[in-house]
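Take a look at the letters that make up each chain.
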Amino acid sequence: MTLRVLVDANVLFSRTLRDWLALIYLSPRGQLYTVHWTEDILAEVLYRLRRRHPDWNGQKTNAIRRRIAETFEGGRVEDFVVDGSFQGSDPDDRHVHAAALACAADIVLTGDDGFVGEGVDADLLPYEVLSPDAFFVLADDSAPEIVAEVTRDQTRYWYGRHGRAPLAQQLEAAGCPEFARRVQKHQSNLSL
């Protein structure tokens, strides 16, 4: 079964998380999940990138937006209704909840603690809310051969460009310590 995953802006904002999400998604071994997004989510990603990198030219932000939209092209959620059913504490997450309902998401992938904070009964949600670390661990549990393949490809890429492949450190810095350990284990099994 392919999971339907709505990805929040705080995940797509991180290059490390965005890359792993895309590379696992694009694996020729099969598709574990489909990725869903909205223009509102992408607008927030671009806003945050602009704040972090005020000197970037427009071509850089346009390229990131284009790559996200093209990579996950079939997952755009175009219409959703913010209906007041969101239980979370952050009103800015209402549109994410509404989009998750509209695309019948199995998972909302977010680093936002307010999404499941106080006052939210997770058992009443029609989707599961997962952090990036929990999501990628689930991917590794479900298809370790895909994660191993992506790890191999990422290791080769980083060695080829930088002479080292600090994948685990990058994942830890992106808030994925358990997945970082798993990637490090996959790397230790490589024969390059």
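That block above? That's the structure.
Calculation criteria
- Residues numbered from 1 in each chain as written.
- Predicted model: local features only at pLDDT ≥ 70, side-chain atom pairs only at ≥ 80, totals over all residues.
- Heavy atoms only, no water.
- Helix = DSSP H or I, 4+ residues; strand = E, 2+ residues; numbered from the N terminus.
- Buried < 20%, exposed > 50% of the residue type's maximum accessible area, 1.4 Å probe, protein only.
- Contact = heavy atoms within 4.5 Å.
- Areas by Shrake-Rupley, 256 points an atom, 1.4 Å probe, with all protein chains shown as cover.
- Lys, Arg positive; Asp, Glu negative; His and termini not counted.
- Charge placed at Lys NZ, Arg CZ, Asp CG, Glu CD.
- Core = buried A, V, L, I, M, F, W, Y, C linked by side-chain atoms within 4.5 Å.
- Axes fitted to C-alpha atoms, helices over the stretch in contact; angles between N-to-C directions.
- Nonpolar A, V, L, I, M, F, W, Y, C, P; charged D, E, K, R; others polar.
- Phe/Tyr/Trp six-rings, centres within 6.5 Å; stacked < 30°, edge-to-face > 60°.
- Lys NZ or Arg CZ within 6 Å of the ring centre and 35° of its normal.
- Pairing = 2+ DSSP bridges.
- Salt bridge = Lys/Arg side-chain N within 4 Å of Asp/Glu carboxyl O.

> Please explain the overall build of the chain as it appears in this structure.
In terms of helices and strands, the chain carries nine helices and four strands. Starting at the N terminus and ending at the C terminus, the chain contains elements arranged as β-α-α-β-α-α-α-β-β-α-α-α-α. Expressed along its principal axes, the backbone C-alpha trace of the chain runs to roughly 55 × 40 × 30 Å. A total of 192 residues make up the chain; the buried ones form 45% of that total. When contacts within the chain are restricted to residue pairs at least 6 apart in sequence, long-range pairs at least 24 apart make up 67% of them. For the chain, the accessible area works out to roughly 10200 Å², and carbon and sulfur atoms hold 45% of it. Once the 21 positive and 29 negative side-chain charges of the chain are each reduced to a mean point, those two points are 11 Å apart.

> How should the nonpolar core be read in this particular structure?
As a rule of thumb, soluble globular proteins bury nonpolar side chains together. Core analysis: the largest hydrophobic core is formed by 59 residues, its most contacted members being Leu21, Ile24 and Phe179. At six residues, the largest contribution of residues to this core is made by helix H2 (residues 15–25).

> I tried to follow the packing of helix H6 (residues 132–142) against helix H9 (residues 177–188) on my own but got confused; where do I start?
Two numbers describe a pair of packed helices, the interaxial angle and the distance between the axes. Between H6 and H9, the least distance of the axes is 7 Å, while the angle of their chain directions is 35 degrees. From H6, Asp133, Phe136, Val137, Asp140 and Asp141 reach across to H9, where they touch Pro177, Glu178, Phe179, Arg182 and His186. Of the residues in the contact of H6 with H9, the class split is four nonpolar, one polar and five charged.

> Is there a simple way to think about the packing of aromatic side chains in this case?
Each aromatic ring pair is specified by the distance between its two centres and by the angle formed by the two planes. Enumeration over the complete set of coordinates arrives at seven aromatic pairs. Seen in terms of ring centroids, tryptophan 20 and phenylalanine 179 are 5.3 Å apart; in terms of plane orientation they differ by 90 degrees. Their pairing is edge-to-face. Placement of the pair is tryptophan 20 in helix H2 and phenylalanine 179 in helix H9, with a sequence separation of 159 residues. Across this residue pair, the class does not change: tryptophan 20 and phenylalanine 179 are buried. Here the aromatic residues Trp20, Tyr25, Tyr33, Phe72, Phe135, Phe136 and Phe179 are joined through ring pairs into a cluster of three or more. Between the NZ or CZ atom of arginine 48 and the centre of the ring of phenylalanine 13, over which it lies, the distance is 4.5 Å.

> Would you mind going over the sheet that holds strand E2 (residues 33–36) with me for this structure?
Whether parallel or antiparallel, the strands of a sheet pair through hydrogen bonds between backbone atoms. Spatial ordering of the open sheet is given by E2-E1-E3-E4, a layout of four strands whose pairing is parallel. Here the strands that pair on one side only, and so sit at the sheet edges, are E2 and strand E4 (128–130). On average, each strand axis in the sheet is inclined to that of its neighbour by 30 degrees, with strand direction left out of account. Relative to E4, strand E3 (residues 107–109) runs parallel, the two being bridged by three bridges. Bridged to isoleucine 107 within E4 is glutamate 128.

> Explanation requested: the pairing of strand E1 (residues 3–7) in the structure shown.
A regular strand carries its side chains on alternate faces of the sheet. Across four bridges, E1 lies against E2 in parallel orientation. Across the sheet, residue leucine 6 finds its bridge partner in E2, namely histidine 36.

> Is there a simple way to think about the pattern of salt bridges in this case?
Where charged atoms from two side chains of opposite charge approach closely, those side chains can pair. Under the counting rule described, the total for this entry stands at 10 salt bridges. Between glutamate 39 and arginine 76 there is a salt bridge; the shortest N-O distance is 3.5 Å. Here glutamate 39 is found in helix H3 (residues 39–52), whereas its partner arginine 76 is found in the loop between helix H4 (58–71) and helix H5 (94–102), with 37 residues between them in sequence. The partly exposed category is assigned to glutamate 39, whose relative accessible area is 28%. Since its relative accessible area comes to 41%, arginine 76 is described here as partly exposed. Here glutamate 70 ties to arginine 66 by a salt bridge, and the two come within 4.0 Å at their closest N and O atoms.

> What should I look at first to understand unusual backbone geometry in this one?
Negative phi characterises most residues that are not glycine, and trans characterises most peptide bonds. Positive phi, normally seen in glycine, also occurs at alanine 104, with a value near 55 degrees. Tracing the backbone through its elements, the reader meets alanine 104 in the loop between H5 and E3. For alanine 104, a relative accessible area of 49% gives the class partly exposed.

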